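Spelled out from the first residue to the last, the chains are:
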Amino acid sequence: MYLAANGRPDAPPRPPGARRRVPAAVLALGAVSLVTDVSSEMVTAVLPLYLVLGLGLTPLQFGFLDGMFNGATALVRLLGGRLADRRGHHKRVAGAGYLLSALSRLGLLLAGGAPGAIAAALAADRLGKGIRTAPRDALISLSGPPESLGRSFGVHRAMDTTGALLGPLAAFAVLWATADAYDAVFAVSFCTGLLGVLLLVVYVPATPGPAAAPRAGARPPRRPVLRDPAFRRVLYASALLGTTTIGDAFLYLLLLRGLDLPPTLFTLLPLGAAAVYLLLAVPAGRIADRTGRRGAFLLGHCALLGAYALLLAPVSAPTVAGVLTLLGFFYAATDGVLMALAAPALPAAGRAGGLAVLQTGQALARLLGAAGFGAAWTLWGQRPALWAAALALAGALAAASRILPATPPNSSAAPEVP
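Going along each chain's sequence as written, the residues are numbered from 1 onward. The predicted nature of this model means local features are confined to residues of pLDDT at least 70 and side-chain atom pairs, given and counted, to a pLDDT of 80 or more, with totals for whole chains, interfaces and linings taken over all residues. With hydrogens and water set aside, each side-chain value is computed from the structure's full complement of heavy atoms.

Draft legend 1. Layout of the overall build of the protein. Here a helix means four or more residues in a row that DSSP labels H or I, a strand means two or more in a row labelled E, and each is numbered from the N terminus. Broken down by element type, the protein carries 13 helices and 0 strands. Along its sequence from the N terminus, the protein presents helices and strands in the succession α-α-α-α-α-α-α-α-α-α-α-α-α. Only protein chains enter the accessibility calculation, which uses a 1.4 Å probe; a residue is then buried when its area is under 20% of its type maximum, exposed when over 50%, and partly exposed in between. For the protein, the proportion of its 418 residues judged to be buried stands at 50%. Counting only contacts in the protein whose residues sit at least 6 apart along the sequence, the fraction spanning at least 24 positions is 84%. Per-residue and other accessible areas follow the Shrake-Rupley method at a 1.4 Å probe size, with only the shown protein chains counted as cover for residues. Summed over all atoms, the accessible surface of the protein reaches about 18000 Å², with 69% contributed by carbon and sulfur. In what follows, residue pairs with any heavy atoms lying within 4.5 Å of each other are defined as contacts.

Draft legend 2. How the structure looks around the confidence of the model for the protein. Overall, the prediction assigns the protein a mean pLDDT of 84, with 82% of residues at 70 or greater. Known as pLDDT, the predictor's per-residue confidence is scaled from 0 to 100. Low pLDDT, under 50, characterises residues 211–217; the predicted model gives this stretch 18 contacts beyond four residues in sequence or across chains. Contacts for the low-pLDDT stretch residues 410–418, under 50 throughout, to residues beyond four places or in other chains number 20 contacts.

Draft legend 3. Examining helix α3 (residues 90–111) more closely. In this model, α3 (22 residues) spans 31 Å end to end at C-alpha, consistent with the 32 Å of a helix rising 1.5 Å per residue. Downstream of α3 by a residue or two, Gly 112 has a phi angle that is positive, lying close to 65 degrees. Here a helix's expected span is defined as the number of its residues, less one, multiplied by 1.5 Å.

Draft legend 4. Here's a closer look at helix α13 (residues 382–403). With 22 residues, α13 should reach 32 Å at 1.5 Å per residue; the first-to-last C-alpha distance of 31 Å fits that figure. Within the sequence span of α13, burial applies to Ala 385, Leu 386, Ala 389, Ala 390, Leu 393, Ala 396, Leu 397 and Ala 400. For α13, the arc enclosing every buried residue in end-on projection is 135 degrees, short of the 170-degree limit, so these residues lie on one face. Across α13 from its buried face, at more than 90 degrees, point the exposed residues Leu 391 and Arg 402. On its buried face, α13 is in contact with α7 (229–242), α8 (248–259), α10 (293–312) and α12 (351–380). Starting at the helix axis, one direction is taken to each C-beta atom, and the arc is that of these directions.

Draft legend 5. Just the packing of α10 against helix α11 (residues 317–342), in detail. Relative to each other, α10 and α11 sit at 155 degrees, their axes nearing to 8 Å. As summarised for this structure, α10 and α11 are arranged roughly antiparallel, according to the angle between their axes. The element α10 and its partner α11 pack so that their crossing is left-handed. Helix axes are fitted only over the stretch in contact, all axes being lines through C-alpha atoms; the angle between N-to-C directions runs from 0 to 180 degrees. For this classification, under 35 degrees means roughly parallel, over 145 means roughly antiparallel, 65 to 115 means roughly perpendicular, and everything else is oblique. Handedness of a helix crossing follows the sense of rotation of the near helix relative to the far helix, less than a right angle counterclockwise being left-handed and clockwise being right-handed.

Below you can see the structure in the form of structure tokens.
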């Protein structure tokens, strides 16, 4: 078991002479995610306008399509993780996911307004995202020393968020230059997505550098990941906290209603939280490595609880700034940090599958939490529903602080001896 001699209760001590720079593979994966997110967010930004205003779909039809495919993404992650672990082909499986998402833009371009073809293109995009997520995160966790995983994930998430911010700007620039030609957006998005695949092929190594990487052709461990007590605790805590996460859209809607702002400003609110996330992702990851990832993960949910508390008070302009700041901090302290917290509890040959289980559990829990809050809002009204969400999150935080392992996992993630 790792000794917490450096004061970090859940990160292994830094070995003498360990390098402090971010591994090249992590930077390459960050560049791939940045370019891919520019491509995907270009489509996400204009898709509601294209489908509802351009093709005449009702909001209910659009919501059904989007919700169905987003829910399927969580389950497909399990397949992607399993395939990546089967023979240690993390790069190939992740590349297949990135390529499938890029080709989905071509599908939208060729759909010609046919609902069936559009649905197939959206399904391909969500499938590609689900397949690539776990293998990509496994590559990140295997590409650097265990004691700096928080920083590695923070750098990747910061680059990923940069693409998410640039994507809508690129989409509106293309629409402005082409007089609202949606096909031009899809074409540019397709080319950008292919660039992301090319970056993956050229710059991301097939085999991670450190000795913790699985051997080529290594099979996943026979012991199921859920039998590992440390990983099981992380999974249970993240799922419990996920059920009390009401969803960003509800927070933005509460801000919009509280200030009686025009609906057109709704699309600008996520940019504020994303900008905070971008600024704090790397510092949060580095601090988590130094002071403990368990504490950082819990602190991030405390920030979310603070956002709920602000919304219970009368909403003003400072409230908007506070909620967006706390929401951005929440993601900076939890998204990549959770992966860094769980990865050392998983063997190298089963890393992608284990992370896929964790991501799927959290995604389904958050889906349940958002649905529960929506039902509570409908039945009780917005203020009682928000009080219930805040109390539930406070209780979940207290329980998670006891569930999460206070000491680092054992050497289950150690390199396998050939």
